[in-house]
Amino acid sequence: MREKILDMSTLDKDLLLKLDDYIEAIEGDKQEHLIHVLHKAQEIFGYLPQNLQLYIARKLDLSGARVNGVVTFYSFFNENPVGKYTISVCMGTACYVKGADKVLQRVLELTGTSKNEISKDGLFTVKDVRCIGACGLAPVMTVNDKVYGKVTPKDVDEIIRHYRSVENADK
Amino acid sequence: MRINNFEDLKLWQKKCPRKTDYKINVLICMGTSCMSSDSEMIAILLEKTLKTRNVIAEVNVIKTGCFGFCGQGPIIKIEPDDITYVQVKVEDIEEIVDSHIINRTIVERLLYQDPHDTDAIKESSGMNFYRKQMRIALRNCGEINPENIEDYIVNDGYFALSKVLQEYTPEKVIEIIKKAGLRGRGGGGFYTGLKWEMTRRFPGDEKYVICNADEGDPGAFMDRSILEGDPHSILEAMMIAGYAMGAENGLIYIRAEYGIATKRLRIAIDQAKKAGLIGKNIFGTNFNFNIEIKLGAGAFVCGEETALIHSMEGFRGEPTKKPPFPSEAGFRGKPSSVNNVETFANIPAIILKGYEWFSAIGTKGSKGTKVFALAGQIRNNGLVEVPMGTTFREIVYDIGGGHPEGKNIKAIQIGGPSGGVITEEYFDTKIDYDSLISMGAMMGSGGMIIMDEETDMVKVAKFYLEFTQDESCGKCTPCRIGTKRMYEILDRLVKMEGKPEDLDKLKILGENIKNSSLCGLGQTAPNPVLSTMKYFPEEYEAYAYRTKKTTYTIDPKKCIGCTKCARNCPVSCITGTVKEPHYIDESKCIACGACYEACPVDAILKP
């Protein structure tokens, strides 16, 4: 089982080449840039499976444990696949006081997932996140990079419907 | 243009386009808040409309950083007329162009309507929101295009660096900052000049100037706004710090969540490098300085300086014991000074205007201004910068406009998860570092969350503790296990499963965690609980003695028997006949609030 999880040969070769190019281009101490490399890897692969973590460890001459330690420490890194759209509901204080919990609940209801899990159709991952600093618009949620402000549970219906219809139009 | 000596900068400033070159300047906010309400589209449309109306030559469109009036965005300001339009929509653009810009008639309906004034305020400077403010750190935010170095230079940008390199020795720079009395704006309030002096004194072949842009306090967004609205001022200040400390390297540690700020910083660094303002032999002197960006990856504890340094080195962001302080052994084990964004933003202004000017502002122990982020139950959400010593009442009521529906404001939470609450009896206290500490709160980074009479303080405390126990890095036991236990007690209380003894346990545990944790996160984590326990003991008791009302009830005197509540109740727990007072079965009520929303005569009482 462990062998299978850590089998690096299943990683996409083209994507690895992209990552290699990035690592090659780093000037100075490459190990010090581990967090930047992980950011890049997540950007390329979408998430950081354990075999990819091991690949990065070998590439930077670090132990796998060290890389895994860093990946699991920071909330920005995902070890599991994420949906095409990541819905982040801000749970900062300002949003909380203005009812962000109700917004989150509605999002979970509509997507049929639990927190940090991918929806059945593979479209959505729902997260609650720390203050994103748009407190003037509380409560706030983001879908990938798009920010939605002053969101009510009713608006959530509209937003989710929008992304579903975009998806259906593509098909 | 490339700057090779001090004269070049002056020449460049003369050549830079100015606002006065144009008949009309239209400023559009491109801060995160306004951009999320389509200000980018508005800017595109505005330029298009100006072109089709053939007036583009006389009008200068400037995409600026944050105006601070975030709750009313997107915002457009027209100069020199000094008119601010709020909540502008894409559909309004043609009218603004045709009416205001071409026919010189103000579009009244888009002006901000102050609830305390019958007339809409026309001049921006006359708005209550801006009148009591004093902008030093935010001086260029909402005034210039942050992606254009020339806009910064026109406003005396890089002249502070030029002055320092020409006129002052490094020791003199440190003396100026010390005499100005500037204290760290990130939380602790340590004297900036002192930090620089210590870093200068410790020997090292390399030294580092580190900018802490890991703004993690929920409810605080001043650092993001400064980076988005005036990135060059941070670069300039870091170079001044580098000259003062004998450092040639600058690092900016920024949250990965701050995409726009990071992008603008990168643009600013590239522009400054091209202009020869970052690099070797700056202004033709022997001063060299380089600036790099380091991305964070979502960990609140990285705002603590030792944790931040470990994170920059590619490790888990766990704090280490001090001493040694970073000024002795910081990044890569070399002397480093970690300063906050807002602290840096003050530096160029202090150099250009002198320490006498700066130290004349504020109170005895806290000089200058402070930026506060107003959020929560307040009319004017946004960023405000006021002199130290301004009272809470002035900020919340005069600038913030009070509660949006005129309800009573019960408390202000200041300092984020490390701070505490301020109650109404203290609203007239002058705010500075020391007065806040004496009230059991702290300045923190300056987030102010306004809470009204309906806010449940126990739940607020639980909310903060959930945050800190989740963000605890796990290195030291008091913080890792202690905050978890405190959270469990609070959770028990809120579920009405607690006991009166729990209150003592909370207090003792809180005090112990404060005394024995390794870093600032743990040492301050119990503050939100301890301070709400101090000021709102009755709310805790109601939970501990299980006397707290948890269901909705109907006031029989007010109820008109319209049956709307009964029809909206999802669990059918409301009974009664038409035109007779209704009744809620408390054993069935799930406190969803549907009846409260439905009632036309406010007869439903909240728990």
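Computed from a predicted model, the values in this text were never measured in an experiment.

(A) Structural context of the overall build of chain B. Scanning chain B for helices and strands turns up 25 helices and 17 strands. Here chain B has a C-alpha radius of gyration of 27 Å; the compact-globule value for 607 residues is 25 Å, and the two agree. By principal-axis analysis of the C-alpha atoms, chain B measures approximately 85 × 65 × 40 Å. When burial is assessed residue by residue, chain B has 52% of its 607 residues classed as buried. Expressed as a percentage of contacts within chain B between residues at least 6 apart in sequence, the contacts between residues at least 24 apart total 71%.

(B) Looking closely at helix H19 (residues 477-494) of chain B. All names here are of chain B. For H19, spanning 18 residues, the distance from its first C-alpha to its last is 25 Å, which sits close to the expected 26 Å at 1.5 Å a residue. Taken residue by residue, H19 has Pro 478, Cys 479, Gly 482, Thr 483, Met 486, Tyr 487, Ile 489, Leu 490 and Leu 493 as its buried positions. End-on, the buried residues of H19 take up no more than an arc of 160°, which puts them together on one face. Considering only its buried residues, H19 is in contact with helix H18 (457-471), helix H20 (501-516), helix H21 (520-524), helix H22 (527-535) and helix H23 (537-544). Taken from the residues just after H19, Met 496 is the one with a positive phi, measuring 65°.

(C) How the structure looks around the packing of helix H8 (residues 170-180) of chain B against helix H11 (residues 231-245) of chain B. All names here are of chain B. Two elements in contact, H8 and H11, have axes separated by 7 Å at closest approach and are oriented at 120°. By the angle class used here, H8 and H11 are oblique. As H8 packs across H11, the resulting crossing turns out to be left-handed. Between H8, through Pro 170, Val 173 and Ile 174, and H11, the contact on the second element is made entirely by Ile 240, Tyr 243 and Ala 244.

(D) Just the environment of A:Gly99, in detail. By the element assignment, A:Gly99 lies in the loop between helix H6 (93-97) and helix H7 (100-111). For the pair A:Gly99 and A:Leu17, spaced 82 residues apart in sequence, the C-alpha to C-alpha distance is 45 Å.

(E) Here's a closer look at the confidence of the model for chain B. Taken residue by residue, chain B gives an average pLDDT of 92. The fraction at 70 or more is 99%. Predicted as a complex, the structure gets a pTM of 0.91 and an ipTM equal to 0.87.

(F) Representation of the domain arrangement of chain B within the structure. Looking at chain B, the domain boundaries give domain 1 (17-131), domain 2 (149-358), domain 3 (369-452), domain 4 (457-544) and domain 5 (549-607). The straight-line distance from the C-alpha centre of domain 1 of chain B to that of domain 4 of chain B is 46 Å.

(G) Local environment of the sheet that holds strand S13 (residues 447-452) of chain B. All names here are of chain B. Strand order in the open sheet made by the 5 strands is S10-S9-S13-S11-S12, with mixed pairing throughout. Each of the sheet's edge strands pairs with one partner strand only, and the pair in question is strand S10 (382-387) and strand S12 (420-423). Neighbour-to-neighbour, the strand axes of the sheet open up by a mean angle of 30°, direction not taken into account.

(H) Molecular detail of the environment of B:Gly446. Residue and element names in this part refer to chain B. Of note, Gly 446 is situated in the loop between helix H17 (433-438) and S13. Measuring from C-alpha to C-alpha, the distance between Gly 446 and Leu 383 comes to 9.9 Å, with 63 residues separating the pair along the chain. Every residue in contact with Gly 446, bar those within four places of it in the chain, is listed here: Ala 220, Met 222, Lys 370, Val 371, Phe 372 and Ala 373.

(I) Spatial organisation of the sheet that holds strand S3 (residues 141-143) of chain A. Residue and element names in this part refer to chain A. Taken in spatial order, the 4 strands make up an open sheet running S2-S1-S3-S4, and their pairing is mixed. One side of each edge strand has no neighbouring strand; the edge strands of this open sheet are strand S2 (124-129) and strand S4 (146-148). In this sheet, neighbouring strand axes are inclined to one another by 20° on average, regardless of whether the strands run parallel or antiparallel. Sheet topology places S3 next to S4; 3 bridges connect them, and they run antiparallel. Bridge pairing in S4 places Met 141 opposite Tyr 148.

Conventions and cut-offs
- Residues numbered from 1 in each chain as written.
- Chains lettered and ligands numbered in written order.
- Predicted model: local features only at pLDDT ≥ 70, side-chain atom pairs only at ≥ 80, totals over all residues.
- Helix = DSSP H or I, 4+ residues; strand = E, 2+ residues; numbered from the N terminus.
- Rg over C-alpha atoms; globule rule 2.2 N^0.38 Å.
- Buried ≥ 20, exposed ≤ 12 C-beta atoms within 10 Å, placed from the backbone.
- Contact = placed C-beta atoms within 7 Å.
- Expected span 1.5 Å × (residues − 1).
- Arc of directions from axis to C-beta.
- Axes fitted to C-alpha atoms, helices over the stretch in contact; angles between N-to-C directions.
- Parallel < 35°, antiparallel > 145°, perpendicular 65-115°, else oblique.
- Left-handed = near helix turned anticlockwise from the far one by under 90°.
- pLDDT = per-residue confidence, 0-100.
- Domains from an automatic or database assignment.
- Pairing = 2+ DSSP bridges.

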